[in-house]
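# Summary of structural features
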Amino acid sequence: MHPLLPSLAAACLYAGATAYQSLRLTRRAVPDKRLLALLGVLALLFHGASLFAQMNHASGLALDFFNAASLIAFAVILLSLLACSRMPVENLLLLLYPLGCLTVLLAQFMPNGTLRPINEEPGILAHILLSVIAYGILTIAVFQSLLLLLQDYQLKHKHPSGLIKSFPPLQTMESLLFGFLWAGWVLLSLSLLSGALFLDDLFAQHLAHKTILSSFAWVVFAVLLWGRHQLGWRGHKAIRWTLAGFCLLMLAYFGSKLVREFILHI
């Protein structure tokens, strides 16, 4: 199957769901959670078909820069929809559906990088899968922290918008943030551990910066979780640490891929 049609279908569904949710919130009405989920599931089906066609090569798994971004967006939206069945996180979809729309279009229309297809042992593939899921959950945590920051700002200035009025209480929002951070940190730990076990040399020339920056991000998230448990960190301090760890993680993965594939061409 050519990936163009499923890519366009996924992008249209993500855009339609975003437009519907935005319109309902601007009218201070609650979006239909089931309709949002249905549109998201349909978009994910087309998104998955597009990813399969783009990444599945005879010589291995084509995980270049834009395919990797699209795959992580797919994982983020899938995890968010699963979380929606048990937690009040549907407001995250207002940020995540546009992310899915953007990444699926970029993967379709932007030029491929120079990364060779991955044809590795199951251990390496498990390391990649753990990394993608860890990045996905920590991406959800970052978007949750941004919504928390907006909620805190509007409540302090006493002019909550329709979006903020649909949020759970501030304490619930913070609890959700740290739940995502704990899950992401544990998966990031497993990702680093699997890399140490299955990669020949974590500090080889093409992996050293990725390993070092990912380890720094791991430390930042560990300090944040310790500060929450021991010192009661919350609010702006927690958000700043979350953003710092996420920036390090994105530099580790996407920064290195961008330089290797589009600047150094290796």
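Each value, and the rule that gives it
- Position numbers for residues start from 1 in each chain and track the written sequence from start to end.
- The model is predicted, so local features are restricted to residues of pLDDT at least 70 and side-chain atom pairs to those at 80 or more, both for listing and for counting; the totals for chains, interfaces and linings are taken over all residues.
- To get the side-chain values, take all heavy atoms of the structure and skip hydrogens and water.
- Salt bridges are counted wherever a side-chain nitrogen of Lys or Arg sits within 4 Å of a carboxyl oxygen of Asp or Glu.
- Segments assigned H or I by DSSP are reported as helices when at least four residues long, segments assigned E as strands when at least two residues long, and all are numbered from the N terminus.
- When a residue's accessible area, from a 1.4 Å probe over protein chains only, is under 20% of the maximum for its type it is buried; when over 50% it is exposed; and in between it is partly exposed.
- In this analysis a 1.4 Å probe is tested at points of a 1 Å grid over the protein atoms alone, and where it fits but cannot get out there is a cavity; an open set with protein on both sides within 12 Å along at least five of seven lines is a pocket; lining residues have an atom within 4 Å of a point.
- Grid points are joined across faces, edges and corners, and a volume is the space filled by probe spheres set on the points.
- As a working rule, the residues Ala, Val, Leu, Ile, Met, Phe, Trp, Tyr, Cys and Pro are called nonpolar, Asp, Glu, Lys and Arg charged, and the rest polar, with Gly in that last group.
- As used here, the term nonpolar core means buried Ala, Val, Leu, Ile, Met, Phe, Trp, Tyr and Cys residues forming a set that is joined through side-chain atoms within 4.5 Å.
- Each Phe, Tyr or Trp ring, with Trp reduced to its six-membered ring, pairs with another whose centre is within 6.5 Å; inter-plane angles below 30 degrees give stacked pairs, above 60 give edge-to-face pairs, and intermediate values give tilted ones.
- When the NZ atom of lysine or the CZ atom of arginine is within 6 Å of a ring's centre and also within 35 degrees of its normal, the charge is said to sit over that ring.
- Every axis in this analysis is a line fitted to C-alpha atoms, fitted for helices over the stretch in contact. Angles between the N-to-C directions lie between 0 and 180 degrees.
- For classification purposes, an angle smaller than 35 degrees is called roughly parallel, one larger than 145 roughly antiparallel, one from 65 to 115 roughly perpendicular, and anything else oblique.
- Definitions for this section: a left-handed crossing has its near helix turned counterclockwise from the far helix by less than a right angle. A right-handed crossing has that turn clockwise.
- Working rule for contacts: check all heavy atoms of both residues, and any pair within 4.5 Å makes them a contact.
- UniProt positions are given in the numbering used here, feature names are shortened, and annotations may be inferred rather than shown by experiment.

For the rest of this paragraph, the subject is the pattern of salt bridges. Applying the stated criterion across every chain, the model contains 4 salt bridges. Notably, a salt bridge pairs E174 with R228, separated by 3.7 Å at the nearest N-O pair. Residue E174 is located in helix α7 (residues 170-198), and its partner R228 is located in helix α8 (residues 208-231); the two are separated by 54 residues in the primary sequence. Residue class for E174 comes out buried when judged on its relative accessible area of 5%. Classification of R228 as partly exposed rests on a relative accessible area of 27%.

The subject of this paragraph is the layout of surface pockets. Here the second largest pocket is characterised by a volume of approximately 310 Å³. Lining the second largest pocket are 17 residues, and of these L51, M55, L61, L63 and L71 sit closest to its centre. Broken down by secondary-structure element, the contributors of at least two residues to the lining of the second largest pocket are α2 (33-55), β1 (56-57), β2 (60-61), α3 (65-84) and α5 (122-156). Counting residues per element, the lining of the second largest pocket draws most heavily on α5, at 5 residues. Of the residues contributing to the lining of the second largest pocket, the split by class is 13 nonpolar, 4 polar and no charged.

Another aspect to go through is the nonpolar core. Counting 67 residues, the largest nonpolar core has Y14, L92, Y97, F180, L181 and F254 as its most contacted members. If you list the elements that add at least two residues to this core, you get α1 (4-26), α2, α3, α4 (93-109), α5, α7, α8 and α9 (235-264). Looking at which element gives the most residues to this core, the answer is α5, with 13 residues.

Attention now moves to the packing of aromatic side chains. Each aromatic ring pair is characterised by the separation of its centres together with the angle its planes make. Scanning all chains against the criterion turns up 4 aromatic pairs. Three or more aromatic residues link up through ring pairs in this structure, and these residues are W182, W185 and W218. Of note, R228 hangs over the ring of F178, and the distance from its end group to the ring centre comes to 4.3 Å.

What follows covers the packing of α1 against α4. Put simply, α1 and α4 touch, their axes get as near as 9 Å, and they point 160° apart. Here α1 is positioned roughly antiparallel relative to α4, judged by the angle of their axes. Of the two elements, α1 crosses α4, and the hand of that crossing is left-handed. Contacts from L4, S7, L8, A10, A11, Y14, A15, A17, T18, Q21, S22 and L25 in α1 reach L93, L94, Y97, P98, G100, C101, V104, L105, Q108 and F109 in α4. Classifying every residue of the contact of α1 with α4 gives 16 nonpolar, 6 polar and no charged.

The residue S80 is located in helix α3 in this model. The residues contacting S80, other than those within four sequence positions of it, are V89, L93, L96 and I140.

Bringing the UniProt feature "transmembrane region" (unreviewed entry) in the protein chain into the picture now. Per the UniProt record, "transmembrane region" (unreviewed entry) is found at residues 6-23, 35-53, 65-85, 92-111, 123-150, 176-199, 211-227 and 239-256. The span residues 92-111 is 85% helix and 0% strand, and its two end C-alpha atoms sit 30 Å from each other. Secondary structure within residues 211-227 divides into 100% helix and 0% strand; the distance between the first and last C-alpha atoms comes to 24 Å.

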